[in-house]
Structure formats: C-alpha cells, structure tokens
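# Observations on the model geometry
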Amino acid sequence: MPQPTPLITLLTDFGTRDAFVGVMKGVILARCPEARLVDLTHEIAPGDIRAGALALRWAAPHFPPAAVHLAVVDPGVGGSRRPLVLRGAEALFVGPDNGLLWPAASRDGEPGGWEIVLSRWDRPVSATFHGRDVFAPAAARLAAGEPPEAFCRPIRDPIRLNWPRPDRQGRSIHGAVIYVDRFGNAITNLSPADLDHPAEGDVTFTAAQQPVRGPSSCYAAVPAGDPVVVLGSTGLYEIAINQGNAAAALGLAVGSEIEVHAAGATEGDQGQGDALIERG
Amino acid sequence: MPQPTPLITLLTDFGTRDAFVGVMKGVILARCPEARLVDLTHEIAPGDIRAGALALRWAAPHFPPAAVHLAVVDPGVGGSRRPLVLRGAEALFVGPDNGLLWPAASRDGEPGGWEIVLSRWDRPVSATFHGRDVFAPAAARLAAGEPPEAFCRPIRDPIRLNWPRPDRQGRSIHGAVIYVDRFGNAITNLSPADLDHPAEGDVTFTAAQQPVRGPSSCYAAVPAGDPVVVLGSTGLYEIAINQGNAAAALGLAVGSEIEVHAAGATEGDQGQGDALIERG
Amino acid sequence: MPQPTPLITLLTDFGTRDAFVGVMKGVILARCPEARLVDLTHEIAPGDIRAGALALRWAAPHFPPAAVHLAVVDPGVGGSRRPLVLRGAEALFVGPDNGLLWPAASRDGEPGGWEIVLSRWDRPVSATFHGRDVFAPAAARLAAGEPPEAFCRPIRDPIRLNWPRPDRQGRSIHGAVIYVDRFGNAITNLSPADLDHPAEGDVTFTAAQQPVRGPSSCYAAVPAGDPVVVLGSTGLYEIAINQGNAAAALGLAVGSEIEVHAAGATEGDQGQGDALIERG
C-alpha cells in the first residue's frame, strides 16, 4: 500500500529574518527528502510558550490526521528541559517539554509521551539550537516512518499547560483575554457554554471599564469603529472593533480581565465547555 | 493522461503571526493532500483590498496557467458580501466579492463568475473566518478538479475594482501613486503609453513639489541617495531613490499626485496603455 | 534512474509584503513545475549583502547536496554587475555577482563560476527585477537539469566576500560582532580555535565596556537577564542575555568591537579556525 506523503508542520519563535528556519528545513529534507513542509508560524514572540501553544492548538487539528507537528519555542534550550514527542489521536508532536505541545496533543485525551534520548542521539547537539540538532531530525525520522520508540524512552509526566477557567461570581462571570491576534482582536477564555449559550445581545462584556453588549453575529453588525463581541473561529468569544484594532483602542492585552453580566444566568449552573477548544 | 499537480497560491491580510494561514493550509491539505501551496503574501495591510488586488494582479500571471489563486482580504466577512469564484483564461480565483480578485481575473477579458452557495455548503461557516470555512475548502475542491458549478451558482455582476486613469491637462499629465513597496519605491499609474513612450530624460515627474528628470534606465543611473524615475517591473513608472527609500524621503504615499511635463506630448493624443498591467 | 525532485531554496531582501517573492516562485514553477521551493529568508535588510551572505552560508550546507540556492540581495540591479552562477561541491548558487553567494559557495574550496549571458537570454530583462527576469528562470533551468554552460560563460573572477579575521594583540584578541539575530544575540567572528579552545569561564569577553566571563555552556547557565557568552550553533561565540536581548541591552550592532582576554593564550600562537564556518 503506498504511503501518503509525509507532512511536517513547523511552528517556532525564530522569526523569518535569520537562517534558523531554513536550517531546520534543510535538516529535515536531508533526512526525509519527500517530506512536505508547511509553516504554521515563526512569529511567536520570543519565548512566549503560551501563545505558541494556542497557535499550535488552533491549527493542528485541521491538518491530515497523520501529520507530524514540529514546534520550537524553547527559552530553556541547553538546560535541563527534556526534548519531547507526544502522540495525540494520530498526529505526532515534537518539541521541548515546557507545555508548548500539550494543548494540541491532549485535545483528544491523554497523549502518549516520550523523551528523546540525547545520550544515544546520532548527531552532535549544540547548546543553543536544538531545533536544528534534535527536533528537526526527530521530526524527519518520525515523518519517514520510524516509531518514537526507535530513539525515545516513554515518559508519563510531560509538562502540562492549561489556562485559568472562567470564574462565576453570583450573576457575573469573570474571564480573561488569552490571545490578541494581528487584527487586535482580543480572544477570551469564554465559550458559549461558559455563558449558557447566550442569544445575540443577551449579555454585556465589560473589558477595561468599557461595556459592550453582545454577542453579535459578525464584526459588521456594528458601525465601523465600534466595539463588538463575536463568537470567533476558535469557538471562543472575542472582543473586536469593526474594521479597527480593539486591543490598541481599548487597552487590552493577554491577561486583561473580562466581566460578563449574563442576565439569564443562574447561580450553580456551571458551564462545561472547554474554553480553548473549537468544536470541529 | 496524468493530471498536473494541483497548485494553489495564497494571498491574505492575515499576517504570519497567528494561526490563520496555517489553519487554511491544513484545511486545504485535508481535502486535497497532493496540492502544492505557494504563499504570495500574507502581509497585505489589514483590509487593504486595493493593495491585495495589485499584488494578486502582479503575481498571478507568472504561475502555470491552471493554478487556483486563493485570496482573502475580507473586511466584510460575515456580512452580506458574496463568496466568489472567478475564472480568467485558465486560472481560477477564489475569495470575497469585494473587488480583490477583479484586476487579476479580468486581465485577459471578462472573467467567468460564480457565487459559492453557502446554503448548500458542506461544513459549518463561522461569522469571522471564511478563509477557513469557505474559501480554503472551495480552493481545495477546485484544485482537486471539481468545477465551480458543483457548489456555485453563476453570477454576472461581480464587484469590479479599477484605478483612476492618468489625466491629460494641456501639456502635463496628472497621475498618482498607487502602491508603495517594501523598498519605499512609489509605483505610479503611469505607463510608457500614457507618456507617449518617452526616451530617457525626456520628461519631468513632479511629486510632492520635487521635480525628477526621467525616466532613467535603472536605479543606479543616479548617485546613491538621489531620486530617480524608472520603468518598474510592473510596466509602470516608479519614483525611487537609488539605495534609499523614496516614500519616506519624499513624503509619498498611495494617492500622492504625480504631475508629468512631457515636452514631446501633443494634446489630443491620449495614451492607451493599461496602467496596471505589465506586458508579458 | 529516477531523478530526485529538484530543490530550490530562496533568499532575498524583498520582504514578504509585496508580490516579488510570489512572482519569482511563479516564474520558477512555470518553467520547472516539479521543483520544490523552500524559503530561507526574505527579510534580509534591503541591500545588506553581508547579512544575506551569512544567512546563506549558515543554511545552505544543511540541505541535500544537489540543491539549487537562489539568492537575490541586489542593490546594483540594472547596473553593470554580472548575474552569476557558482558551483560548490555539488550545490549550485544563483544570484548577483556582489559577494552574496561567495561564502556559501566557497565553503568546500574554490567554486566553479559562470556569468549568465544576458545578450542570449530567452526572455526580456527589466532594469529593476532581475530576480524575476534572470535569476528565477536561471535557477529553474538549473533545477530542471540544464548545465550552467547552456546559458552561461565561465568566469574566474567572481567577487569574493570575506570578514576581518580576529586580531591578536599581546594577551588580548580583538574581534567584532558580525551578525545580530532576531533574539538580539550578537554573533562574533570568534571561534574556539581563535581563542585556543577555552574551557568554561576561562576568558573574559568585553563588549561595549561590559566584561562578560565565559564561555558558558548554555544561555540558562546564568540568571535570567544576565549577559552570557556561549558557543552558538554557527560555531562562533555569541554574546547573549539569558531570556533577553543583548544587542538592545548592551548597545551592540554589526561591527561592534569585542576584546577577549584569554588568560591561557600565548603570543605567536595564532588560531586557525574559519571564523564563519560551523563544522558539520
């Protein structure tokens, strides 16, 4: 039976200005020439594990199930953090053991986990660029069909990364901004389930002392320049400004508190939604 | 007869910082695993339909004729604008019906036009990310060989996008800057035909009160730091500074007026050139 | 014998905002539809031949040996500089004859050299975009199997590009910063051989009046926010700040002087290392 073409996605905080990403691609193609390489992003802010973990979590599920996802946001490179392989339902994830891979790999339940054994590694390992020396060759080997067991030892304690859940206090629900995208849309940790599936205009989101009635059906539901809350493509509510930049205009950033007055909410009725996961 | 590998180009204003582009690529590859994906640019300024339309117009003709060009600069996402497929000579263009696709698709004459019928769409459609939910899957279906008729209805009134033509006033011709590139070169809407094919040094371009004698044969025809007018690779004249940034130094931006004194021009002799189209 | 898939890497200073890179890819794919395209970087600062040459030098050796490396940082476009093909051990390099290709192509010894003969070129050549009109089609022809001789004439005097070697003055060695990466790490021209292979903590690097004891084993060997010197992935020492930006914090830039007091160094014992070359 012909194998499908190996597919490797790449996500890093390396930027695209230096040679780092090109080097990793060269290393992969030298080992697995037929691999298809797809960039997710290389513009994660340096060291921002949480932003990288969200981007990976949001993108990976859309790829063919057997893809290998290579992710390197690695402020601890050269220290004691372990190089990691995780397996979700089918996809494999390769990167540092700092939580980066966790939200994506654990989407469909507890992932399988392995540590790449550097003492048996087949090439030299620099202190500063495990993307080149460890993670890219590991991804190439996995994409070429080697099982993780060929160069890893199983582990059961990969570092987990989670976000605070929304907090219900009487008739209001307290959440937070977890991501600000390029357009300045402030993505919250609040899902429809957290707010008891409000109809349009049923609730008020207060961010930076500014109340916004919502949710609305789309950005264009309000005049250009006005704030608006919509259910974003991630399955989470986001605070936006129609044809504007909400984060800049309202002073929102990751961690900004959001208070929602849900008129129809009753105490003791806790939302059960997974606040980071779109429903596919 | 073996089919050529499907080729899809991507142009958006999504930037490369967030997961948006990676998500679209995943969606495409899940539907059409053999598709080749080529990024045109994702750095169109948010919502700048005109800049996106020019970049698409300038890049698309260089690709193999049967390519599918996916373009998403979509400030009206979730509103009433239609999702569109246009067909030029052979290439297919997929994106919002806001003019973005028009200059590229109409290059070789009136393009065929279709509206993607969302009421029969085979997957959920969010209010904020039609790139993922509509345009990427549509491009994948077209690249995999489905005809537009399989999921579209024909339309005859796609939104057209054009630029003001140069205006002849006595012995001078008035044009405008239509694009500023990364190097600060200010691309005008003036072609050789508009200026009666001037020889080197035959005319004076006045931009922001600054006269520049031209055209010159290349940037390096003037000393480093001096302004220069050259016939750019798009087939249009551009105002540049040799080894410098003309837009910053001269205060030029999209819309800046350009006045050309064409010593050899005679009234009533109107240029016939297509001011946005390079001649291939 | 089946040929391997042609592989072309791309490095330019064109940025990713405009259509330039997409145009080049279209030109390549129209000529060599099966070519695999891999971006090294397009974010070289406009006209910065030295930065481009280093990025190419650092990335190219990691690719499969028969790759074609297309590089365009070309401030002299349209002037008298020659369009160039160089051949290293196996790889081919295509770009302007301004030194850009030299460090990568000469890695394994004197490269073969050819000038692309524009008077016999098979398509029109603009004055401003040889990436589209000359270098991309040349790379496509080489990737498709044409030898350089098919459209070039041999030359023996390609422009060479080198960096100052470290200078030993009594008990101190004077070097310089040659590159600053996205993380603000200041890469020097100093290799272990230049410093007589110092053990950890054996020497003091003084940059911008700030002494840093080193080398250290990794960034994380010092507290977050402290300066550190590590042997970087390029085989050169780099001045960094653990989880910070050394160039910004210490005021370092390309050309900044570095003085190293090597306690164990003896006069007359010159380092022999190649200061720009990692050892693979």
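Data block above holds the structure.
Residues numbered from 1 in each chain as written. Chains lettered and ligands numbered in written order. Predicted model: local features only at pLDDT ≥ 70, side-chain atom pairs only at ≥ 80, totals over all residues. Heavy atoms only, no water.

The next thing to look at is the sheet that holds strand E2 (residues 36–41) of chain C. Ordered in space as E2-E1-E3-E5-E4-E6-E7 (chain C), the 7 strands form an open sheet in which the pairing is mixed. Two strands in the sheet have a free side with no partner beyond their single neighbour: E2 and strand E7 (152–154) of chain C. Each strand of the sheet is rotated relative to its neighbour by a mean of 25°, with strand direction disregarded. Across 5 bridges, the pairing between strand E1 (residues 7–12) of chain C and strand E3 (residues 68–72) of chain C is parallel. Pairing of Thr-9 of chain C across the sheet is with His-69 of chain C, part of E3 of chain C. Contacts between helix H1 (residues 20–31) of chain A and the sheet are confined to E1 and E2 of chain C, with E2 of chain C contributing the most and set at about 145° to the helix. (Pairing = 2+ DSSP bridges. Helix = DSSP H or I, 4+ residues; strand = E, 2+ residues; numbered from the N terminus. Axes fitted to C-alpha atoms, helices over the stretch in contact; angles between N-to-C directions. Contact = heavy atoms within 4.5 Å.)

For the pair chain A and chain C, the superposition axis carries a translation of 0.0 Å, the fit reaches an RMSD of 0.0 Å, and the rotation angle comes to 120°. Given the turn and translation reported, the copies of this chain are related as if by a three-fold rotation axis. Distance from the rotation axis, computed per C-alpha, reaches its smallest value in chain A at Arg-36 of chain A: 5.3 Å. (Least-squares fit on C-alpha atoms with pLDDT ≥ 70 in both.)

So, about the pattern of salt bridges. Residue and element names in this part refer to chain A. By the definition in use, this model includes 45 salt bridges over all chains. The partner of Glu-110 in a salt bridge is Arg-160, and the shortest N-O contact between them spans 2.6 Å. Here Arg-160 lies in the loop between strand E7 (152–154) and strand E8 (167–169) and Glu-110 lies in the loop between helix H3 (102–105) and strand E6 (112–116), a separation of 50 residues in the sequence. The class of Arg-160 is partly exposed, set by a relative accessible area of 43%. (Salt bridge = Lys/Arg side-chain N within 4 Å of Asp/Glu carboxyl O. Buried < 20%, exposed > 50% of the residue type's maximum accessible area, 1.4 Å probe, protein only.)

Okay, the sheet that holds E6 of chain A next. One open sheet accounts for 7 strands, arranged E2-E1-E3-E5-E4-E6-E7 (chain A); its pairing is mixed. Edge strands, defined here as strands with exactly one partner in the open sheet, are strand E2 (36–41) and E7 of chain A. With strand direction ignored, the average angle separating the axes of adjacent strands in the sheet is 25°. Strand direction decides the pairing type here: strand E1 (residues 7–12) of chain A and E2 of chain A, joined by 5 bridges, are parallel. Across the sheet, Leu-11 of chain A pairs through a bridge with Thr-41 of chain A, a residue of E2 of chain A. Packed onto the sheet, helix H1 (residues 20–31) of chain B meets E1 and E2 of chain A and runs at close to 145° relative to E2 of chain A.

Attention shifts here to the interface of chain A and chain C. In this assembly, 34 residues from chain A lie in contact with 29 residues from chain C. When the two sides are added together, the surface that chain A and chain C hide from each other amounts to roughly 2300 Å², 57% of it contributed by carbon and sulfur. When the shortest N-O distance is used, the salt bridge between Arg-182 of chain C and Glu-43 of chain A registers 3.6 Å. Linking chain A to chain C there are 12 residue pairs in polar contact (both at pLDDT 80 or more). Top contributing element to the side of chain A that touches chain C by residue count: H1 of chain A, with 8 residues. Taken together, the residues of the side of chain A that touches chain C sort by class into 17 nonpolar, 9 polar and 8 charged. (Buried area = accessible area lost by both parts, 1.4 Å probe. Polar contact = N/O pair within 3.5 Å; in protein donor to acceptor, adjacent residues only side chain to side chain. Nonpolar A, V, L, I, M, F, W, Y, C, P; charged D, E, K, R; others polar.)

The interface is formed by 29 residues belonging to chain B together with 34 residues belonging to chain C. For the pair chain B and chain C, the summed buried area comes to about 2300 Å², and 57% of that belongs to carbon and sulfur atoms. Linking chain B with chain C are 1 salt bridge, by the criterion used here. Run the count over chain B and chain C and you get 12 residue pairs in polar contact (both at pLDDT 80 or more). Listed by contribution, the elements that provide at least two residues to the side of chain B that touches chain C are strand E2 (36–41), helix H2 (49–59), strand E9 (172–180) and strand E13 (227–231) of chain B. Here the residues of the side of chain B that touches chain C sort into 16 nonpolar, 7 polar and 6 charged.

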